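Remarks on the overall topology
Single-letter residue listing:
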Amino acid sequence: MRLLEVVHRRAPPRSEELLPTATNSLCDIPTAKWTPVKGSLLKRSLNWEFYSRRFHLLLHLEELQLKTEIEKYNQDDVPMFRHKNNTDILILRVVSGVAKKPPLRLSGNQVMVTPLDQSTASNNTFYAGWIRHLNAEQVYLKFGETFLSHFKEGMRVGVSFTINRMPLYMQHRAVAQACKQKLQEVLFPTGQLSSHHSHLHRLLELQSNPEQCLAIQHIVAATAKPAPYLVFGPPGTGKTVTLVEAIKQIVKTQASCTILACAPSNSATDHLCKKILEGKIGKSKLFRLYALSWPVQNIPKNIKFCCNLNQDTNTLFIPPKEELMKYKIMVTTLLTAGRLVTAKIPPGHYTYIFVDEAGQATETECIIPIAGLLNPQICQVVLAGDPKQLGPIVTSRMAVKHGLGVSLLERLMRDIDLYKSHEIHGFNHRFVTKLLRNYRSHPAILKIPNELFYEGELQPYAHKEKCSPYRKWERMPKKDFPLIFHGVAGINERDANSPSVYNIAEVEVLKEYLKSLIDHLHKKGVTKIEPGEIGIIAPYRKQVEKIQNALRTDKGLRKENLENILVGTVEQFQGKEFNVILVSTVRSNPTLTACDQRFTLGFVTDEKRFNVAMTRAQALLIVVGDPRVLITNRVWNKFIHYCYKEGAYRGITVSDAEVEDDGQTTELSQTVR
């Protein structure tokens, strides 16, 4: 995206009681008409009649919240410095609020700076740059030549952050086009127009997994069209593998096919692209389209030769429409698929549109390629994901309350009869397949999530070698049961400059387990922890920081090669798997009654977060937390009781700390149900 360099100041309208409504034009980013909120529009259930108006309103609510949040980072007087290794990048070392809030909120947005030394710039002007990278201490900014030519090291500037409205524009346009293209049977399908006599090709090489085989057969035959076909993929069941195999079969059996394969994030899209390339389809048939703002250094080596990277200039470019249309398989993110719509690639060019990790995208994101590129009579939409795992990230609480946080995949499975499981016959395989074979986790690790979220239908199919590298670990509670809950009577703490919570007692316990795990690996001849071996999950950013700091400063750990150990929040682990997962639950407040505890646990009790955290481990799962707090929650109660019953419980019991619950002290074994 070309940088705007000098912009004159103009204040936007402000009002707490007014909301913007979209313009009718699809040529410009929707802006600027301000009308009273119509409460009745939000009170009604989502339906086709109000589809467009409802989502336009929810997107504007989200925009207002994003704008409110980002403006809190503005600074009147802050120094800027050049990057040591890249003189085109400027750095803000101090930004108010970055230490207090998750820095990811700023990614991809625009910054306006006004030099305070007016000799370097005319009055009432500012320079626009883009945020390229950030961490808790610094923001890395890209500017055009005009500002860089005036810049002096340590220059003091006024800083104003503004949201990048292009993603919102793409979603507004998609919502409008969905109605214009009359996609009611795609977004609210009845199945009446779907084929009832499709021929299913036999797939002899896939008979070992009947659910995957069934899904692929129906996708290739397009039995759901114009309704979307759903691949319900619980953790570790191979939903991406299923999509890739379906793409291979389509290319093999349908000479005239053209396929668009998308995912919400660049990491998920790159993963999908790599898997397709591994299928030996041929790089000449596939094209990976990146946004112009994507850092070139982040492009995987094996994708660089089949994407929109100019090898001579090492920059990204957008090919002309004719070139984009010549590839059999186009792979891109949902948002960048909007580029294909803008290029006016005609609806009907693509015969299949695949969306992997569809549960992580808002409905308005998911329909960017669908509303702009779909001919319902020609194209089969395929959505793959798991509505039981984390959904899309939405900032506005009001927008979440009224449905923007629900993915298209989840809404279809929740509201549309075609996708609901019959109590006797199960799912209708003409429209949806639930994958059942888990190839990731040891059966002991899989058991509780399976019972809580998947009707107990998941079947453990992970190879024994994959699940057994820690069988002889000296701290394993019992043979062939690689699961531990360790009770810790910690204390919740907060730093003065941050609302985020941490628990040092849990950090200390995690360190001891980590040292023992590293010793075990050393005895097996492992000298360096490889990526994917150990991951550490904590629900709060401050706890993540404390754990990361412990890895760097602890006498016994800092001498180890631990840079490949990922420490992060649950969101950073979705879609990933590790041999070992350690979880810190953080929350501990023993002075409250059990009733009060339910209101202090926060998103520790979010069932989707629990599900993601508990299903990342292949061979060993260790959870550290305060049972006195956690047992007040139904899901955690079941998990802790399971560990206790199986002899995999360590640490304190409730009675150890003599916690009073309505005047009575209770043993853990009696409290946990």
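Residues numbered from 1 in each chain as written. Predicted model: local features only at pLDDT ≥ 70, side-chain atom pairs only at ≥ 80, totals over all residues. Heavy atoms only, no water.

**Things to note about the pairing of strand E6 (residues 110-115)**
To be explicit about the condition: The buried label goes to any residue with under 20% of its type's maximum accessible area, the exposed label to any with over 50%, and the partly exposed label to all in between, with areas taken from a 1.4 Å probe on protein chains only. Secondary structure elements follow DSSP: runs of H or I no shorter than four residues count as helices, runs of E no shorter than two count as strands, and numbering proceeds from the N terminus. We call two strands paired when DSSP finds no fewer than two bridges between them.
Counting buried residues in E6 gives six out of six residues, a clear majority hidden from the surface. The side-chain alternation of E6 yields two buried faces, one formed by Gln110, Met112 and Thr114 and the other by Val111, Val113 and Pro115. In terms of strand pairing, E6 meets strand E7 (residues 125-134) through four bridges, oriented antiparallel. Paired with Met112 across the bridge in E7 is Ala128. The pairing of E6 with strand E9 (residues 156-162) spans six bridges and is classified as antiparallel. By the bridge assignment for E9, Gln110 is matched with Thr162.

**A few points about the side chain of Ser588**
What counts is decided by this rule: Polar contact criterion, stated in full: a pair of N or O atoms within 3.5 Å, where within protein one must be able to donate a hydrogen and the other to accept it, and residues adjacent in sequence count only if both atoms are side-chain atoms. Contact between two residues is taken to exist if any of their heavy atoms lie within 4.5 Å; hydrogens are not considered.
Structurally, Ser588 can be placed in the loop between strand E24 (578-584) and helix H18 (594-600). Overall, the relative accessible area of 4% leaves Ser588 in the buried class. Side-chain polar atoms of Ser588 contact the side chain of Asp626, separated by 2.5 Å. Not counting residues up to four positions away in its chain, the partners in contact with Ser588 are Ala489, Gly490, Ile491, Asn492, Asn503, Asp626, Arg628 and Val629.

**Some thoughts on the packing of aromatic side chains**
Going by this rule: Between 30 and 60 degrees the pair is tilted, below 30 it is stacked and above 60 it is edge-to-face, where a pair is any two Phe, Tyr or Trp rings, Trp via its six-membered ring, whose centres lie within 6.5 Å.
Summed over the entire model, instances satisfying the criterion amount to 23 aromatic pairs. Ring centres of Phe610 and Phe639 lie 6.1 Å apart, and the angle between their planes is 80 degrees; this geometry places the pair in the edge-to-face category. With Phe610 in helix H19 (residues 607-614) and Phe639 in helix H21 (residues 634-645), this pair connects stretches of sequence that are 29 residues apart. Phe639 shares its class with Phe610; the two are buried. Members of the aromatic cluster, joined through ring pairs, are Phe232, Phe427, Phe453, Tyr454, Phe610, Trp636 and Phe639.

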